[in-house]
Structure formats: structure tokens, C-alpha cells
Amino acid sequence: MARPPMKRRVAATWPVRPTVRYGAQVASALRMETIGGVVMLAAAVAALVWANTPWASAYESLRTFEISPHWLHLGHMDVQHWASSGLLAVFFFIAGLELREELTHGELRDPRQAALPVIAAAAGVAMPAIVFLMVSAGEPGALRGWAVPTATDIAFALAVLAVTFTSCPASLRAFLLTLAVVDDLIAIAIIALFYTETVQWTSLGLSVVLVTVYGVLQRRNVRSPWVYVPIAVLAWYFLQRSGIHATVAAVALGMLTSPRETPDGRPTNAERADHILRPFSAGVCVPVFAFLSAGVGLGASQLGAVFTDRVALGVIAGLVIGKFLGVFGGAWAAVRLGLANLGEDLHWHEIAGVALLAGVGFTVSLLIGGLAYTDPSQFERVTTAVLIASVLASAAATVVFRRRVRVRAHPG
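Within an unreviewed UniProt entry, the label attached to the protein chain reads Na(+)/H(+) antiporter NhaA, and the organism entered is Actinomadura chokoriensis. The record in UniProt for the protein chain states the following under Catalytic activity (unreviewed entry): "Na(+)(in) + 2 H(+)(out) = Na(+)(out) + 2 H(+)(in)". Here is the UniProt Sequence similarities (unreviewed entry) comment for the protein chain, exactly as written: "Belongs to the NhaA Na(+)/H(+) (TC 2.A.33) antiporter family."

Helix and strand counts for the protein chain stand at 16 helices and zero strands. On C-alpha atoms alone, the protein chain measures out to a radius of gyration of 21 Å, which is about the 22 Å that the 2.2 N^0.38 rule sets for 412 residues. Oriented by its inertia axes, the alpha-carbon framework of the protein chain measures out at about 65 × 60 × 45 Å. By sequence separation, contacts in the protein chain at least 24 residues apart represent 82% of the contacts at least 6 residues apart. For the protein chain, the exposed surface amounts to about 18200 Å²; the carbon and sulfur share of it is 68%. Taking the average location of the 30 positive side-chain charges in the protein chain and that of its 24 negative ones, the two points are 7 Å from each other.

So, on to the pattern of salt bridges. Applying the stated criterion across every chain, the model contains seven salt bridges. Arg-278 is the partner of Asp-274 in a salt bridge, and the nearest nitrogen-oxygen pair spans 2.2 Å. You can see Asp-274 and its partner Arg-278 sitting in helix α11 (residues 269-293), four residues apart, about one turn around the helix. You'll find Asp-274 and Arg-278 in the same group, each marked buried. Where Arg-381 meets Asp-309, a salt bridge forms, and the shortest distance between an N and an O atom there is 2.8 Å. Placement of the pair is Arg-381 in helix α16 (residues 376-409) and Asp-309 in the loop between α12 (300-306) and α13 (310-336), with a sequence separation of 72 residues. Each of Glu-98, Asp-274 and Arg-278 takes part in a single network of salt bridges with overlapping partners.

Moving on, we come to the nonpolar core. Counting residues in hydrophobic clusters, the biggest one holds 111 residues, and the most contacted among them are Phe-92, Leu-357 and Phe-362. Examining the composition of this core, we find that twelve residues originate from one element, helix α7 (residues 170-194), more than from any other. Excluding anything up to four places from it in sequence, Phe-362 contacts Met-40, Ala-44, Asp-153, Phe-156, Ala-290, Ala-294, Val-386 and Leu-387.

Right, let's get into helix α9 (residues 225-242). The end-to-end C-alpha separation of α9 is 25 Å, in line with the 26 Å expected for 18 residues at 1.5 Å each. Turning to α9, its buried residues are Tyr-228, Ile-231, Ala-235, Trp-236, Tyr-237, Phe-238, Leu-239, Gln-240 and Ser-242. Among the residues trailing α9, Gly-243 stands out with phi positive, at a value near 105°.

Moving on to the environment of Arg-144. Following the sequence through the fold, Arg-144 ends up in the loop between α5 (111-136) and α6 (154-164). Spatially, the C-alpha atom of Arg-144 lies 19 Å from that of His-81, the residues being 63 residues apart in sequence. Ignoring anything within four residues of it in the chain, the contact list for Arg-144 reads Tyr-195, Glu-197, Leu-371, Ala-372 and Tyr-373. Engagement of the side chain of Arg-144 in a polar contact is seen with the backbone oxygen of Leu-371, the distance being 3.1 Å. Separated by 3.0 Å, the side chain of Arg-144 and the backbone oxygen of Ala-372 make a polar contact.

Mapped onto the elements, Ser-293 comes out in helix α11. Excluding residues that lie within four positions of it along the chain, Ser-293 makes contacts with Tyr-59, Arg-63, Gln-80, Leu-366 and Thr-383.

Residues of the protein chain with pLDDT of at least 70 account for 91%, and the chain-wide mean is 85. Note on residues 7-18: pLDDT is under 50 here. Beyond four places in sequence and across chains, it has 20 contacts.

Next up on the list: the environment of Thr-257. Within the element layout of this structure, Thr-257 appears in the loop between α10 (247-256) and α11. Since its relative accessible area comes to 1%, Thr-257 is described here as buried. When the C-alpha positions of Thr-257 and Phe-93 are compared, they lie 9.5 Å apart, and in sequence the two are 164 residues distant. With near-sequence residues (within four places) excluded, Thr-257 lies in contact with Phe-93, Leu-97, Arg-100, Tyr-214, Gln-218, Asn-269 and Ala-270. At 2.8 Å, the side chain of Thr-257 forms a polar contact with the backbone oxygen of Leu-253.

Here is what the cut-offs are and how they apply
Residues numbered from 1 in each chain as written. Predicted model: local features only at pLDDT ≥ 70, side-chain atom pairs only at ≥ 80, totals over all residues. Heavy atoms only, no water. UniProt positions renumbered as here; feature names shortened; annotations may be inferred. Helix = DSSP H or I, 4+ residues; strand = E, 2+ residues; numbered from the N terminus. Rg over C-alpha atoms; globule rule 2.2 N^0.38 Å. Contact = heavy atoms within 4.5 Å. Areas by Shrake-Rupley, 256 points an atom, 1.4 Å probe, with all protein chains shown as cover. Lys, Arg positive; Asp, Glu negative; His and termini not counted. Charge placed at Lys NZ, Arg CZ, Asp CG, Glu CD. Salt bridge = Lys/Arg side-chain N within 4 Å of Asp/Glu carboxyl O. Buried < 20%, exposed > 50% of the residue type's maximum accessible area, 1.4 Å probe, protein only. Core = buried A, V, L, I, M, F, W, Y, C linked by side-chain atoms within 4.5 Å. Expected span 1.5 Å × (residues − 1). Polar contact = N/O pair within 3.5 Å; in protein donor to acceptor, adjacent residues only side chain to side chain. pLDDT = per-residue confidence, 0-100.

Below, the structure written as C-alpha cells:
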């Protein structure tokens, strides 16, 4: 999932050899949220097209193809599980980097300044869950999916914001980014607490030890990636074996990566990791996950099943209505209660647009949906619901932002 590059240093200052200039240009493009969002959208569309052709069975065979060497002791892992547990770990590592950056240099450093997006994010998680539970009440097995509509897909959201609100103030973009970072942190905590059924404590302990060693080496400013990569891979492996979703380790490792500046002005460990991994995440990890998750049937019978399934309807209502009520209501309450300031460059109409845009749920929503519903038909209906909600939320936010573009162009 593409996020904007870290703020403290411009990656383009790194020397680039002529022989790798084209590759460097591609990587630079993938660090832009608009390009990353487009790549992910293209992957999702490709999956949808394939899944609705006569060759749909080949698509299903691809994503359910099992790769489970017995010596890994990871149980049954098909291609889709490797994408959600392995490739998405890279995305969540970058999310951890972003959270550490926000805590060190960004909006979250100042509690007063951070209050508005943090309160909005927390309310934007709680309200969609409440709406989902209200709509799906009484449906067998519905309770497990309460967290599906709580997550915002920052790549799609930032891409829509960049394309539709060309005069977007920096403070609004910072509000959305900070909200999304906090949203990611809450989502990963939900996954760890509510979607872990059994725990192998020995494996969990080994993972914790490895994460601790990683943090100690970062504090001592060890810089070689050849030291960190084996530690990170083993920490991921043991957490995956423990029964806890391995992306939790990725967030922890990202948050522990040092943003400490060096006396000679070299990039920090966090900046180096961000510079190397962000294009891989935006260009490979998240698009592959999107491609393996978004392929659902869109025939009349499949769509009819979505609109008669209260679980799917709960997901749509949670993302489109619950997210708006939570984010906008949380921000409004924070300002009214004197807990936060709106800021001179922000307008309530623009906050409303971001609140609508927060209903764009994709990557993390699909990840939680896969954990909540193991029945393939139910997961397909939930996936379709997430896609429908994301389109509706994007369209509604676009209407608001296009109007704000006209207002800002002609303030009189």
C-alpha cells in the first residue's frame, strides 16, 4: 500500500548509477501514493475480470494452490495466505515506520495537535463496528466480522484525495495520513487480540526475543541490513508459528527501526528501510495481495446474494455510514469539547470529505474478512461488499472535494 515517503530527507539525493536509472525512476514513482493506488486498483480490476470469465476456475486454482513445505511447520499455507501473512508484512513494516515517524517528527509528537486525528480515528473504528453489529444482528456467525469495516485503505484514500482535491491544504493531507496511521495501529491490535485462537507460547517467546534484539541493535545504531534481515525474517516466522498473525511482528519491527540522525548526515536506518522497501510494497506486495483477494463473481446471482446477506450489508453500512459518522463525529466532538483545534487551513466540509473517504476499505478490510470468515462463499460476499462500499465512499468524497476545489478557487 503506497504511502508518502518519509518527511525528513529527500530520497532523490541518493546516488543513482546510469545502468539502474530506469529502475530508480520506477521505484521513485511507486513512492507516490497516486501511482501506488493506481497499481493496486489495476491489480484488483484484473482479478475481477479474470474471476468473471470462463477461466475463473484457473484463478481460484492459483490462489488456493498450497505451498506448505513440511519442514517449515507452518501448517497449510496456500498462495493467498502467503500473500496476506508474508507480503503484507512488508506493508505493515512500513506502517510501523510511519507511526514511529509521526511519533518522532510528525503530528503525533504534539499531543494537542495529535488529538484531532487520533480521536477521529478511534471513533472511526468504533462507530463502523456498532453499525455493522446493528445491521447484522441475529445473523449466525456475523459477530466474527465486526472489525471488517473498521479499517481505511490509505493508498486508495490518498490517491482519491490527490486526484480529486488538487488544491488540498497540507494540513488536511496530514490529518488523513495521521488518521490512517492510527487506524492501522488499531487494526493490527484488533487482529492480535480478537483473531488469534490458539497461541504456541514457545514460538511467541522466541519472536519477542528476536524483536527485542532487533530493537537493541537499532538503539546502538548498527546499520548493516545483513544483520537485520535474518532477525526480521525469523521474528516473522516464529510469530506465524505461534498462531498470532505475523503482521504484528512487522509493525513492531517498523516502530523499533531507528530514526536517529547520524552526525555525518547519512540517511537514518528508518529512511534507508523506507527508501528500499516502499517501492516493493507498493509495486509488488499490496498489488499481489489485491490480485489474490479481489477476484469475486459479479453476476446477478452473486450481487443478489450480497444484498440479501445482512453480514455483507453490515459491511457496506459500516464503511459508508459508520466511518463517516465516526470520523466526522469524533473530530467534531474533540473540537467542541476543547480537546483539539480544527486549524486555520481546515474547513468542516473538508473534514466531512475525509470522513467519507475513510470508508474506502480494501487491504486491511479484506485481511480481517479472511480471518473472520473461513467459508469461501461468505468471504466472497464480504469481499464484494468491501468493493461496493469503497466505490460508494470514493464517489461521495469526490463530490465533496470537487466542490471544495471550486470554493477555494473562487473564495468570494
